[in-house]
Amino acid sequence: MIEVKHVKKVFGKLEVLKDVSVEVKDGEVVVILGPSGSGKTTLLRCINFLENADSGELTVGDIQVDFKKASKKEILAIRRKTSFVFQNYNLFANKTAIENVMEGLVTARRVPKDIAQKRAKEALNWVGLSDKYDYYPSQLSGGQQQRVGIARAFVLDPEVILFDEPTSALDPELVGETLEIIKKVAEKGITMIVVTHEMSFAQEVADKVIFMDGGVVVEEGPPEEIFTNPKEERTKQFLSRII
Ligand code: ADP
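All values reported here derive from a predicted model rather than from experimental measurement. (Residues numbered from 1 in each chain as written. Predicted model: local features only at pLDDT ≥ 70, side-chain atom pairs only at ≥ 80, totals over all residues. Heavy atoms only, no water.)

Trainee: For this particular structure, what's the right way to read the overall build of the protein?
Mentor: The helix and strand tally for the protein stands at nine helices and ten strands. Its C-alpha radius of gyration of 18 Å places the protein within 12% of the 18 Å reference for a compact globule of 243 residues. In terms of its C-alpha atoms, the protein occupies a principal-axis envelope of roughly 50 × 45 × 35 Å. Looking at the protein as a whole, 53% of its 243 residues qualify as buried. (Helix = DSSP H or I, 4+ residues; strand = E, 2+ residues; numbered from the N terminus. Rg over C-alpha atoms; globule rule 2.2 N^0.38 Å. Buried < 20%, exposed > 50% of the residue type's maximum accessible area, 1.4 Å probe, protein only.)

Next comes the structure, spelled out in structure tokens:
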């Protein structure tokens, strides 16, 4: 479903991604772990062309591009297949919950407004916000805002959802409810890449865990292997600090 080959990304003099390759199969949930600054977010952003990688190749479904040479049309096609859930929700502050969820359907997908509204309601109901259609982001808790963010990603019917630390901006008591919704998305069989520090979520939901450090993939494997029997010293150290 997704294949990233030899991606490199430099910010100024800082090599943030040093030849990273990642493969995600159809329907798989892949969790990316690693210390802060290891390049996890940049990798996700490159996959969605929110960031322009310097070199490497990307395959999403039936589209294959060279990161550097991708045309606008190809980038648009990749964005159609991939939705992004942001750490800080990235909702439009001047739009209500339902307007936020409808936005992509109406503007990017040209879905008629009445149909978009119906689908947005279904998505909001699905994340447990049936009583919050007309609330503005400032009137919602962080957990509720993130659920709007997830509904907005989900409503577009993507092949892949990229979650960038979806719970790290939340108060601790709101993390659980948000992870529950993300689990529901996983149960739908949607391919997902999740950057998170939530180890129990990774253990429970991931099909594969990728550990990154210093811009490289240090180790990857099934969660039971990575968590109980990590092979690399850097992975062991990271896990011993965090668990
Ligand atoms: P992680 O998600 O693992 O914490 P990031 O991908 O966010 O890591 O960042 C990796 C490194 O790249 C960090 O040192 C960060 O400061 C740097 N970085 C990220 N985005 C930018 C940017 N737009 N401009 C300059 N440096 C950046």
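Trainee: What am I meant to see in the confidence of the model for the protein here?
Mentor: The predicted coordinates ought not to be read in detail in places where the model reports low pLDDT. Chain-level pLDDT for the protein is 96 on average; 100% of the residues reach the 70-or-more range. The ipTM for the predicted assembly is 0.97, set against a pTM of 0.96. (pLDDT = per-residue confidence, 0-100.)

Trainee: Would you mind showing me how to read the packing of aromatic side chains here?
Mentor: The relative placement of two aromatic rings is captured by the distance of their centres and the angle of their planes. Using the criterion set out here, one finds four aromatic pairs in the structure. Here Phe49 and Phe67 contribute two aromatic rings whose centre-to-centre distance is 5.8 Å and whose plane-to-plane angle is 50 degrees, an arrangement assigned as tilted. With Phe49 in the loop between helix 1 (40-47) and strand 4 (55-60) and Phe67 in the loop between strand 5 (63-66) and helix 2 (72-81), this residue pair connects regions lying 18 residues apart in the sequence. On the basis of an interplanar angle of 40 degrees and a centroid distance of 5.1 Å, the ring pair of Phe211 and Phe238 is categorised as tilted. Taken together, the residues Phe211 in strand 9 (residues 208-213) and Phe238 in helix 9 (residues 233-242) connect sequence positions 27 residues apart. For the pair Phe211 and Phe238, one class covers both residues: buried. Geometry around Phe92 places Lys95 over its ring, the cationic atom sitting 5.7 Å from the centre. Above the plane of the ring of Trp126 lies Lys184, whose end atom (NZ or CZ) is 4.8 Å from the centre. (Phe/Tyr/Trp six-rings, centres within 6.5 Å; stacked < 30°, edge-to-face > 60°. Lys NZ or Arg CZ within 6 Å of the ring centre and 35° of its normal.)

Trainee: Any chance you could explain the sheet that holds strand 2 (residues 14-24) here in plain terms?
Mentor: Sheet strands associate in pairs through backbone hydrogen bonding, adopting either a parallel or an antiparallel arrangement. Across the sheet, which stays open at both edges, the four strands sit in the order 2-1-4-5 with antiparallel pairing between neighbours. Unpaired on one side and paired on the other, strand 2 and strand 5 mark the two borders of the sheet. Strand-to-strand twist of the sheet, defined as the mean angle between neighbouring strand axes without regard to direction, takes the value 15 degrees. As judged from the five bridges shared by strand 1 (residues 2-11) and strand 4, these two strands associate in the antiparallel manner. (Pairing = 2+ DSSP bridges. Axes fitted to C-alpha atoms, helices over the stretch in contact; angles between N-to-C directions.)

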